[in-house]
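Fold and geometry: a report
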Amino acid sequence: MPEKKIDSSHYYNIAQFRVESWNDLKNESTKLYSSPRGSEDEKLYKKNLQKLLKDIEGVECYFAFPGLSCLESLREMLDRHEHTALSNKIAEITKNLVSDRYRSNPDFLEDNDPTVETSDKGDRAEVSRKTYFEVMFVEDVSHAEDNKLRHDLRDLRLSNEQFAYGIVVQHSFEDALIALQFNYNIQAVVIRYAPPYHSKKITPVIKPFIQNILKLDFASRAPKELGPILGAVVKKFRPELDTYYVTDTALSNLKDSTLKTFRRIFYRTEDLQELHLTIIRGISERYETPFFSALKDYSKKPTGIFHAMPISRGNSVFKSRWIIDFGNFYGRNMFLAETSSTTGGLDSLLQPTGSLKKAQQKASEAYGSRNTYFVTNGTSTANKIVVQALVKPGDVILIDRDCHKSHHYGLVLAGAYPVYLDSYPIEDYSMYGAVPLEQIKEKLLKLKEAGRLNLVKMLLLTNCTFDGLVYNVEKVMQEVLAIKPDMIFLWDEAWFAFAGFTYNYKQRTGMFAAQKLFEKYQSHSYRKKYKTHIKGLKANESPTLPDPDKVRIRVYSTQSTHKTLSSFRQGSMIHIWDQDFRKKSENTFMEAYMTHTSTSPNYQMLASLDVGRRQVQFEGYELVEKSIELAMVLRAKIHDHPKLKKYFDVLTIGDFIPEQHRKSGIKEYYNSKEGWNRMETAWEQDEFVLDPTKITLHIGKTGVDGDTFKNRYLMDKFNIQINKTSRNTVLFMTNIGTTRGSVTYLTNALLKIADELDQEFKTLSQKESNNRMESIKSLTEDFPPLPDFSYFHHSFQAVPGVPGGNIREAFFLAYNEENYEYMPLLDCLPAMEDNRTLVASSFIIPYPPGFPVLVPGQVVSKEIIRFLTALDVSEIHGYRADLGLRIFKDNVLNRQKTVSSMGSMGNNSKKKNTKLKN
Ligand SMILES: Cc1ncc(COP(=O)(O)O)c(C=O)c1O
């Protein structure tokens, strides 16, 4: 092997480096054992192995498996020329590491630990059934003390415990954070006394991956403060972990903040037994799934069913000759757990007091909300619940026009006036981006000028968008609250439930930003900053910081748990961080929840939400990080492979986000020359960032459009499912279920498609070839317009000339068929040329992407007609090609304005009602 220079920037993360290094060790040790004794080859391989072992040691010191003592024994084998044994041992470790098998066989860890006596190794069958995790101890102890701690804790293990844990000891503050970042197995942290700040073992190999840790600066703090500070930092980055502090400081001298940071504080005099039991208890509590457990218990009880639901316990299924295959397919348990009972440990979703209440409280803790509600009909319903709960007829809502259709329907139900915001268009790829903050502020100021700011209730945005655009949530809320301090925010996080479990992403979620802003505005330092800010304003300049005496933090997030985490289809959650919830919104929220929630919610779905919460609390960080890693690997592979490059381009940050919204200047996650850009900088600074797990592939060079590519190439040939395309792109997503195998399969499929296209191009006739070139030109050079929201027709405007329209009135006017007519698309442009104003009487929603290009009451623009004419999707909700666009008749539009049901038509409310057929 030519000496391999370790250039860390070519690895996306340390996990990649680690796996590759072990594979290199394996290959080199195999070559060593097959090379003749005393040969030049032997010398070379030996040297390579020594170097690899040295490099990997700087990483392995943060992991319990295989552990430093094991590396030491490998080195000794090398020195003793035991080449066969060395090669076998390295192969075994690599296999266990790469396959993660060591975690389901904790016993293997001990086999690898030369410090453990064989007689200590206990009952293997018993140990291997246990769930494995690691506990990190942070203390500057000697090697001997380190070993003693391991042995003492091992002795305390009970054979009937459900969990088994290994121990990682870190000797400094910095090392503790590095271990936490690298080592996904750590579930509990025990900080003992006052660890020193600086690490003594940072190597050049790991440096590029730990920049954020090196940026922290607590080195100058008093040593005795470092324990509590480390606890607070761990809690900020990984709040789901249990943290413990062992100290000599008397209770009276411990700060309140220290008491609050740790789950429990121990004193030196307390024995290890207590610590061990507390660690196990912490894990057991997180493991507990109140509703799933209650459902399992229920399913085991014999019961007689004398109410509805014949399927319950499988009675109507397993006794039937005709549908028993259905029962066999799903299995007995599914039916044993199928019930409508709200007793026997099961609870009522509509008024939970027991297991469901507990399950929701646990979810609230895990997702960082103040209240969490389970929703059994997807985020489509969650959105309608929140909108109905918080806005009433006549209220004004600022809403991204491109948001999911459920919001628009929610507005019709609630009777609120939408002020539509336009996402910036990404014309080259027929997509929309996100709404710039400047536009939101502009609209708010317009409403303020018109005296309608008091009616504005809510800002509603999608974060992240289907295509992966993510807002700077904190900045948006801060600057909006500076104009409207009581604004309520609804962040549609249908695609972002996973984001709470890794730090970069978490900072851009509704719940995290809400908590952060709440704490900030309560602080003295903020008050001081605000005063200085106000003093420094020039005449006519508006504040960009909210007034701490007026600001209220009221944030709602809706998440399709089922889209990105483990839950059955339709399992969603509403997370609430609203300081006025109890006082102002709980009652209306419950009314809205009752309006939309079935009285027969699906118990399997609720159980899956409960279990999904357990999963993210234990392995959310690991799984999300791995899904990002796989996305990055896929991006790099397509980018670098000559055959794939020929037909496909992975769209980069720069393709999605215009320069003015990227302060960091970062325009791609990866390029072949420089390797990886660290995503942290962009995620810290930029107005918009791109979620790397959403991989948009530009396929224009294939000459095949997105929909055909999805169906004919990916689905029919390779059974690869995706759910979004545009004219010239297809979107792949990695998630917590994505495996290396599935990424390889996709790469393979793309390679085969590229081969096939090569072949096909060679066989085309001249005419076919011309056609294909035209398609390629059209997909890569001709871009159909992407229309903005036009405007509401004046008879539906809340106040003439001021943003905001009465969508509900328009919607219900069209309930009478005499109020509308159909116009074929081809006739629309000539009618407009003839000065006719066309006004939509229904939603027109192409699917995908699933947001309306027309809403009831909206004036149809020429761009919209051109867009609809060029659309190549087969589903356009609200539109029938055989009939045409459903528009209002002129006499409906020329009526005088009606008073809306709540008299909320502003200045026009005193005008006479016109008789209308509604
Ligand atoms: C942004 C957004 N919000 C809400 C929804 C609806 O979510 P669900 O499918 O859970 O009802 C979707 C569905 O795709 C969506 O993309």
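None of these values were measured; they are calculated from a predicted model.

Okay, the overall build of the chain next. Scanning the chain from terminus to terminus reveals 38 helices and 28 strands. A compact globule built from 918 residues would reach a C-alpha radius of gyration of about 29 Å, and the chain, at 31 Å, matches this within 12%. Judged by the C-alpha coordinates and their principal axes, the chain covers about 95 × 80 × 80 Å. Of all intrachain contacts in the chain linking residues separated by at least 6 positions in sequence, the fraction that spans at least 24 positions is 72%. Of the accessible surface of the chain, which amounts to about 40,500 Å², a share of 50% is contributed by carbon and sulfur atoms. Here the chain holds 123 positive side-chain charges and 114 negative ones, and the gap between their average locations is 4 Å.

So, on to a nonpolar patch on the surface. A grouping of Trp322, Ile323, Phe326, Phe329 and Tyr330 is seen on the molecular surface, where their side chains present a nonpolar patch of about 630 Å² in accessible area. With respect to the helices, strands and loops of the structure, Phe329 is situated in helix α16 (residues 324–330).

This part is about the sheet that holds strand β5 (residues 264–267). The parallel open sheet is built from 5 strands, whose spatial order is β2-β1-β3-β4-β5. Strands with a single pairing partner mark the edges of an open sheet, and in this sheet they are β2 (163–170) and β5. Taking each pair of neighbouring strands and ignoring which way they run, the sheet shows an average axis angle of 25°. In this sheet, β2 lies alongside strand β1 (residues 131–138) in parallel orientation, the contact comprising 8 bridges. By the bridge assignment, Phe137 is partnered in β2 with Val169. Lying over the sheet, helix α13 (residues 272–287) contacts β1, β2, β3 (186–192), β4 (242–247) and β5, oriented at roughly 115° with respect to β2.

Turning our eyes to something else, we now look at the packing of aromatic side chains. Each aromatic ring pair is characterised by the separation of its centres together with the angle its planes make. Under the criterion given, the structure shown has 52 aromatic pairs. Summarising the aromatic geometry, the rings of Tyr521 and Tyr526 are spaced 4.7 Å apart at their centres and angled 55° between planes, so their arrangement reads as tilted. Each member of the pair Tyr521 and Tyr526 is classed as buried. One cation-aromatic arrangement involves Arg401 over Tyr432; the distance from NZ or CZ to the ring centre is 5.1 Å. One residue, Lys717, lies across the ring of Tyr713, its end atom 4.6 Å from the ring centre.

Now for the pairing of strand β13 (residues 488–492). For β13, the buried fraction is high: 5 of the 5 residues fall into the buried class. Every second residue of β13 is oriented toward a common face, with Ile488, Leu490 and Asp492 on one face and Phe489 and Trp491 on the other, all of them buried. The pairing of strand β11 (residues 456–462) with β13 spans 5 bridges and is classified as parallel. Within β13, the residue paired with Thr462 across the bridge is Asp492. With 4 bridges joining them, β13 and strand β14 (residues 554–559) adopt parallel strand pairing. In the sheet register, Trp491 faces β14, and the bridge partner there is Ser557.

This paragraph deals with the environment of Asp55. Along the chain, Asp55 turns up in helix α2 (residues 40–60). Asp55 gets classed as buried once you look at its relative accessible area, which sits at 15%. Between the C-alpha atom of Asp55 and that of Pro204, which follows or precedes it by 149 residues, the distance is 9.2 Å. A polar contact of 2.6 Å, which involves the side chain of Asp55, links it to the side chain of Lys51.

Okay, the pattern of salt bridges next. One pass over the structure, following the stated rule, counts 50 salt bridges. Linking Lys862 and Glu833 is a salt bridge whose minimum nitrogen-to-oxygen distance equals 3.7 Å. Of the two residues, Lys862 is situated in helix α37 (residues 862–870) and Glu833 in helix α36 (residues 825–833); the sequence distance between them amounts to 29 residues. When its relative accessible area of 31% is taken as the criterion, Lys862 is described as partly exposed. Among the charged side chains, a network of salt bridges with common partners joins Asp242, Arg263, Arg281, Glu285 and Arg286.

Turning to the environment of Val476, a few remarks are in order. Here Val476 shows up in helix α22 (residues 473–483). Overall, Val476 belongs to the buried group, its relative accessible area being 5%. Separated by 164 residues in sequence, Val476 and Ser312 have C-alpha atoms that sit 49 Å apart.

Taking 1.5 Å of rise per residue, the 13 residues of helix α32 (residues 706–718) would be expected to cover 18 Å, yet its terminal C-alpha atoms sit only 16 Å apart, more than 12% below that figure. Where α32 is buried, its residues meet β21 (724–725), β22 (729–733) and α33 (740–763). By the N-cap criterion, in which a side-chain oxygen at the helix start approaches the backbone nitrogen of a residue two or three places on, α32 is capped by Asp705, the distance to Asp707 being 3.1 Å.

Let us now look at the site of the ligand. As a matter of local geometry, the ligand sits amid 13 residues, with Thr379, Ser380, Asp492, Ser560 and His562 nearest to it. Interatomic distance of 2.7 Å between a side-chain N/O atom of Asp492 and a nitrogen atom of the ligand. Protein contacts shield 87% of the accessible area of the ligand, which totals 390 Å² for the unbound molecule. Elements supplying a minimum of two residues to the shell around the ligand: α19 (378–390) and α26 (561–564). Per-element tally for the shell around the ligand: the top contributor is α19, with 4 residues.

With that out of the way, let us pick up the sheet that holds strand β6 (residues 371–375). Reading across from one edge, β6-β15-β14-β13-β11-β7-β8 is the order of the 7 strands in this open sheet, with mixed pairing throughout. At either end of the open sheet lies a strand with only one pairing partner, and these are β6 and β8 (417–421). Along the sheet, successive strands turn relative to each other by an average axial angle of 20°, direction set aside. Of the pairings in the sheet, the one linking β14 to strand β15 (residues 572–578) comprises 6 bridges and is antiparallel in character. Across the sheet, the residue bridging to Val555 is Trp577, located in β15. Helix-sheet contacts for α22 involve β11, β13 and β14, and the interaxial angle to β13 is about 155°. Helix α28 (residues 603–640) rests against β6 and β15 of the sheet, and its axis sits at about 140° to β6.

Let us now look at the environment of Ala194. Residue position: Ala194 is located in the loop between β3 and α10 (211–215). Ala194 sits 565 residues away from Gln759 along the chain, and the two C-alpha atoms are 67 Å apart. Sequence-distant contacts of Ala194, defined by excluding residues within four places in its chain, comprise Pro223 and Lys224.

It is worth spelling out the side chain of Thr502 at this point. Looking at the element boundaries, Thr502 is found in the loop between β13 and α23 (503–506). A polar contact of 2.5 Å, which involves the side chain of Thr502, links it to the side chain of Glu625.

Moving on, we come to the domain arrangement of the chain. Domain annotation of the chain identifies domain 1 (1–115), domain 2 (367–534 + 544–615), domain 3 (620–781) and domain 4 (794–910). Each of domain 1 and domain 2 has a C-alpha centre, and these two points are 49 Å apart.

This paragraph deals with the packing of α19 against helix α27 (residues 581–596). Helix packing geometry: the angle between the two helix axes and the distance between the axes. With their axes 8 Å apart at the nearest point, α19 and α27 run at an angle of 140° to one another. The angle between the axes of α19 and α27 places the two elements in the oblique class. Of the two possible hands of crossing, α19 and α27 adopt the one that is right-handed. Residues Thr381, Lys384, Ile385, Gln388, Ala389 and Leu390 of α19 touch α27, and the partners they reach there are Ser585, Thr588, Phe589, Glu591, Ala592, Tyr593, Thr595 and His596. For the contact of α19 with α27, the per-class residue count stands at 6 nonpolar, 6 polar and 2 charged.

What follows concerns the side chain of Arg286. Mapping Arg286 onto the fold places it in helix α13. Note on Arg286: relative accessible area 5%, which makes it buried. Within polar-contact distance, the side chain of Arg286 engages the backbone oxygen of Gln617 at 3.2 Å. With sequence-adjacent residues up to four places away left out, Arg286 is seen in contact with Gln187, Glu240, Leu241, Asp242, Lys362, Arg613, Arg614, Gln617 and Phe618.

Take helix α8 (residues 143–156) next. Every α-helical turn comprises 3.6 residues, leaving residues that sit three or four positions apart pointing alike. Here α8 spans 21 Å end to end across 14 residues, near enough to the 20 Å set by a 1.5 Å rise per residue. Among the residues of α8, Asp146, Asn147, Leu149, Arg150, Leu153, Arg154 and Leu156 are the ones counted as buried.

Thresholds, definitions, all that
- By convention here, each chain's residues receive numbers from 1 onward along its written sequence.
- Predicted model: local features are reported for residues with pLDDT of at least 70 only, side-chain atom pairs are reported and counted for 80 or more only, and whole-chain, interface and lining totals are derived from all residues.
- Based on all heavy atoms of the structure, the side-chain values leave hydrogens and waters out of the count.
- Helix numbers and strand numbers start at the N terminus; a helix is a DSSP run of H or I with at least 4 residues, a strand a run of E with at least 2.
- In this description the radius of gyration comes from C-alpha coordinates, and the expected globular size is given by 2.2 Å times residues to the power 0.38.
- Residues are treated as being in contact if the distance between any of their heavy atoms lies within 4.5 Å.
- In these tables, accessible area is a Shrake-Rupley quantity obtained with a 1.4 Å probe, and a residue counts as shielded only by the protein chains included in the view.
- We count Lys and Arg on the positive side and Asp and Glu on the negative side, and we leave His and both chain ends out.
- By convention, charge coordinates are those of NZ in Lys, CZ in Arg, CG in Asp, or CD in Glu.
- For patches, a residue must show more than 30% relative accessible area and have no salt bridge; joins then use 9 Å for like charges and 5 Å for nonpolar side chains, namely Val, Leu, Ile, Met, Phe, Trp and Tyr.
- Throughout this description, the term salt bridge denotes a Lys or Arg side-chain nitrogen within 4 Å of a carboxyl oxygen of Asp or Glu.
- A pair of strands is considered paired only if DSSP assigns at least 2 bridges between the two.
- For helices, the fitted axis covers only the stretch in contact; all axes are lines through C-alpha atoms, and the angles between them, taken along N-to-C directions, range from 0 to 180 degrees.
- Stacked, tilted and edge-to-face are the three classes assigned to paired rings of Phe, Tyr and Trp, where Trp is represented by its six-membered ring and a pair needs centres within 6.5 Å; plane angles under 30 degrees give stacked, over 60 edge-to-face, the rest tilted.
- Between buried and exposed lies partly exposed: a residue is buried under 20% and exposed over 50% of the maximum accessible area for its type, with that area taken using a 1.4 Å probe on protein chains only.
- A ring is scored as having a charge over it whenever the NZ atom of a lysine or the CZ atom of an arginine sits within 6 Å of its centre and within 35 degrees of its normal.
- Here a polar contact means two N or O atoms within 3.5 Å. Within protein one must be a hydrogen donor candidate and the other an acceptor candidate, and residues neighboring in sequence count only if both atoms are side-chain atoms.
- Each residue after the first adds 1.5 Å to the expected span of a helix.
- Note on terminology: near, applied to a residue and a molecule or strand, indicates that one of the residue's heavy atoms is within 4 Å of it.
- Reported domain spans reflect what an automatic or database domain assignment gives.
- Every angle not falling under 35 degrees, over 145, or within 65 to 115 is termed oblique; those three ranges are roughly parallel, roughly antiparallel and roughly perpendicular.
- Should the near helix be turned anticlockwise from the far one by less than a right angle, the crossing is termed left-handed; should it be turned clockwise, right-handed.
- Classification convention: Asp, Glu, Lys, Arg as charged; Ala, Val, Leu, Ile, Met, Phe, Trp, Tyr, Cys, Pro as nonpolar; all other residues, Gly among them, as polar.

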